Amino acid sequence: MSARELLRAVVATEADVFGVRRQGRQLAAGLGLENQDQIRVAAALSETGRRLLPLGRVTVIFALEAPQPALLFAATVAADVDEEFVAALAVTRGLMDRWSVEREPGRTTVMMARRVPDKAATLTDDQLGALRTEVVSAQTGTPLEELAEHNRQLLATLGEVQTQRDELLRLNAELEETNRGVLALYTELSEELEATNRGVVALYAELEERSAQLRAASEAKTRFLANVTHELRSPVSSITGLTRLLRDPLSDPLSAEQSQQLDLIDASSRSLLTLVNDLLDLAKAESGRVEPAIEDTDLRPIFTTLRGTLRAAPRSADTSLVVDDPVGVPVIHTDPIMLAQVLRNLLTNALKFTPDGEVRLTATVDGAWVALAVSDTGIGIPEAEQDRVFEEFHQVRNHLQASAQGTGLGLAYARRLAEALGGTLELASEVGRGSTFTLRLPVGGPADARPDQPISVLLVDDDDTFRGAAAQVLRGCGFGVREAADGRTALAAIAARPPDVVLLDLRLAELDGFAVIEALEADERLRSIPVVVVTAYRADVVDTAELRHAVAVLDKTSTTLDDLCGVVVLTARRRG
Ligand code: ADP
């Protein structure tokens, strides 16, 4: 930074104070300082001059600083000053951009500077020379004239300040108006959000109530079935018993017609007894009263027995039954009698509905599960019926149905047994090509997959505070909770032990929530795990198309932690 001297003046009398004051103001005006700044410079100079003059002659040097242009002035007096004097001088500090006092023995200099505004034109050397001449040659007026000039400038400045204040007031009013608008919008939005929230809560309550009603109805049906069936069994048993007695060689001989009628009674009562027994089994299974007798079970003897007993099952001569040896399948922890019952049921059905082709039983291992598949190349089941065949008494209308014996209870019962064993029974079928019923059982037994185990939740959120609080609430509701702070850890945890429900934040490190959803979607094994997105993103920002896997999207800012328990129960139940 360099400074170029513009002018030097001496203050030896009171009148000289007015002189430097005028010179300072003129230089400031010439260099392009604004009106208010000119007054500041003039006031600082006259005040400094006035205070230093009693100490002796004051030399004032005006200079122009570069490259960042500023008007500098240094007022020097050959005297020492004390701290108190410096403090008194400092009244002008606030008028300047830079202000300092340099004290050497026998000499005191007050340095002051005011910046030239950027918009001011830079003066050439010639213009600076002309300005200096103008300032030096100008006459300093009498103190009265200076005072008048001073007043005129002050008035002009006051006018400017007033305009600025008016502008400020106007801006303030505008700001207040905007503020009111924002507040109104906020209130409106909050109310809307609250209304939506209330709607969601009401919906959940209704869902809860509906599922409670459904549960009650289903329990009533089961009770009814169990009671009626139980009452029916004794009379039907009596009929079969009495029929047997009538046919006893020791009883009175029967006419040919009586004997024929008795055959009909016998056949009818036997099929009635089968139906009643099937119903009783099903009612027992539905009320959860089937207690599997779990033991280490080798599939080979079961397969051998099925191969033998089903040789005589009703079927077309053109259909072959193939029971593959369960090679490489470990001993599984299950109830062998129930397992055989389910497989026999599936194989009998397959033989019934395969007029020409093959029925095959295979067993394969899939991680901790064994998959037992009964596939046939029979008539198949239309897609619209595939869920319904698992309902009680549902039979598909087809040309084989009339000749096929059956009650429509077999698959309903088989699925109950599969569930009691901790497994699942699923169907894939295509009309004209055949069906495959797959029974999946946990190798480790029902305890490995017991449905009444606590619901397991994986909570994925990078916000430690929220995650901690939510985990505590969820544990309080009796769920098994695991936590993950980023997307990659979450995927690893899901793959290691799939949870019943995933609560997923979207903004995550490593892999974000969208990527986690995409990865789950791509994995056949994990696709069915329900994901509830819990996010602070505004709903309209979230692209729901990218969240196709998610069953719900909750707004973190409006969902209370207590809501989470209800959401988890409903989501897990929906999956179940
Ligand atoms: P049912 O005693 O009538 O066999 P199920 O509950 O075992 O009762 O089966 C219900 C219905 O599902 C059957 O009546 C039949 O229409 C259909 N079904 C079952 N298994 C097969 C199969 N392998 N192929 C075609 N249809 C089948």
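Keep in mind the model is a prediction, meaning the values are calculated, not measured.

## Observations concerning unusual backbone geometry
The residue after Ala66, namely Pro67, is reached through a cis peptide bond having omega 5 degrees. With a phi angle near 65 degrees, Phe393 is a residue other than glycine that sits in the positive phi range. Along the polypeptide, Phe393 turns up in the loop between β10 (369–376) and α9 (410–420). For Glu510, which is not a glycine, the phi torsion comes out positive at approximately 65 degrees.

## What about the domain arrangement of the chain?
The parts lose accessible area when they come together, and the size of an interface is often stated as this lost area. Each assigned domain of the chain is listed with its residue range as follows: domain 1 (2–141), domain 2 (182–288), domain 3 (295–442) and domain 4 (456–575). Between domain 1 and domain 3, the C-alpha centre-to-centre distance is 106 Å.

## Let's talk about the site of the ligand
Close contacts around the ligand come from 21 residues, with Asn349, Asp376, Gln395, Gln401 and Leu411 the closest. Contacts to the ligand include Asn349, whose side-chain N or O atom sits 2.7 Å from an oxygen atom. Here Lys352 contributes a side-chain N or O atom positioned 3.1 Å from an oxygen atom of the ligand. At the level of elements, α8 (336–352), α9 and β12 (434–442) are the ones that each hand at least two residues to the shell around the ligand. Ranked by the residues each element gives to the shell around the ligand, the list is headed by α8, at four residues. Per-class residue counts for the shell around the ligand are eight nonpolar, 11 polar and two charged.

## Side note on the pairing of strand β15 (residues 501–504)
Burial of β15 is two-sided: the residues Val501 and Leu503 facing one way and the residues Val502 and Leu504 facing the other way are all buried. Where strand β13 (residues 456–460) meets β15, four bridges bridge the pair, whose relative direction is parallel. Across the sheet, Leu459 pairs through a bridge with Leu503, a residue of β15. Pairing of β15 with strand β16 (residues 531–535), which is carried by three bridges, proceeds in the parallel orientation. When the bridges of β16 are listed, Val502 appears paired with Val531.

## Points about the pairing of strand β9 (residues 357–366)
Note: strand β7 (residues 319–323) against β9, five bridges, orientation parallel. Within β9, the residue paired with Val322 across the bridge is Arg360. By the bridge criterion, eight bridges tie β9 to β10 in an arrangement that is antiparallel. Each residue of the ladder has a partner; that of Asp366, found in β10, is Trp369.

## Considerations on helix α5 (residues 143–247)
With 105 residues, α5 extends 151 Å between its outermost C-alpha atoms, agreeing within 8% with the 156 Å of an ideal straight helix rising 1.5 Å per residue. Residues of α5 that are buried include every one of Glu146, Gln153, Thr157, Ser211, Thr222, Leu225, Ala226, Thr229, Val236, Thr240 and Thr243, and no others.

## Section: the environment of Phe303
By secondary structure assignment, the location of Phe303 is in helix α7 (residues 299–309). For Phe303, a relative accessible area of 0% puts it in the buried group. Counting along the chain gives 59 residues from Phe303 to Thr362, while the straight-line C-alpha distance between them is 9.4 Å. In contact with Phe303, other than residues within four places in its own chain, are Val323, Asp324, Pro326, Leu343, Leu361, Ala363 and Leu372.

## What to know about the sheet that holds β9
The five strands lie next to each other as β7-β9-β10-β12-β11, forming an open sheet whose pairing is mixed. Each having just a single partner strand, β7 and β11 (424–430) make up the two edges of the open sheet. Each neighbouring strand pair of the sheet contributes to a mean axis angle of 15 degrees, computed without reference to strand direction. Taken together, the seven bridges between β10 and β12 define a ladder with antiparallel strand orientation. By the bridge assignment for β12, Val370 is matched with Leu441. The strands touched by α7 are β7, β9 and β10; relative to β9, the strand with the most contacts, the crossing angle is about 175 degrees. Contacting β7, β9, β10, β11 and β12, α8 crosses the sheet at an angle of about 20 degrees to β10.

## Section: the sheet that holds strand β4 (residues 98–104)
Pairing is antiparallel across the open sheet formed by five strands, whose spatial order is β1-β2-β3-β5-β4. Strand pairing shows two members of the sheet lacking a second neighbour, β1 (2–11) and β4, which therefore form its edges. Across this sheet, the average inter-strand angle for adjacent strands is 20 degrees, counted without regard to direction. One ladder, built from eight bridges, connects strand β3 (residues 70–77) with strand β5 (residues 107–115); its direction is antiparallel. Each residue of the ladder has a partner; that of Thr76, found in β5, is Thr109. Set on the sheet, helix α1 (residues 14–31) makes contact with β1, β2 (58–66) and β3; between it and β1 the angle comes to about 155 degrees. Sheet strands touched by helix α4 (residues 125–137): β1 and β2. Its angle to β1, the strand with the most contacts, is close to 10 degrees.

## Let's talk about the environment of Leu55
Looking at where Leu55 falls in the secondary structure, it is placed in the loop between α2 (35–52) and β2. Judged by its relative accessible area of 32%, Leu55 falls in the partly exposed class.

Each value, and the rule that gives it
Residues numbered from 1 in each chain as written. Predicted model: local features only at pLDDT ≥ 70, side-chain atom pairs only at ≥ 80, totals over all residues. Heavy atoms only, no water. Helix = DSSP H or I, 4+ residues; strand = E, 2+ residues; numbered from the N terminus. Domains from an automatic or database assignment. Near = heavy atom within 4 Å. Polar contact = N/O pair within 3.5 Å; in protein donor to acceptor, adjacent residues only side chain to side chain. Nonpolar A, V, L, I, M, F, W, Y, C, P; charged D, E, K, R; others polar. Buried < 20%, exposed > 50% of the residue type's maximum accessible area, 1.4 Å probe, protein only. Pairing = 2+ DSSP bridges. Expected span 1.5 Å × (residues − 1). Contact = heavy atoms within 4.5 Å. Axes fitted to C-alpha atoms, helices over the stretch in contact; angles between N-to-C directions.

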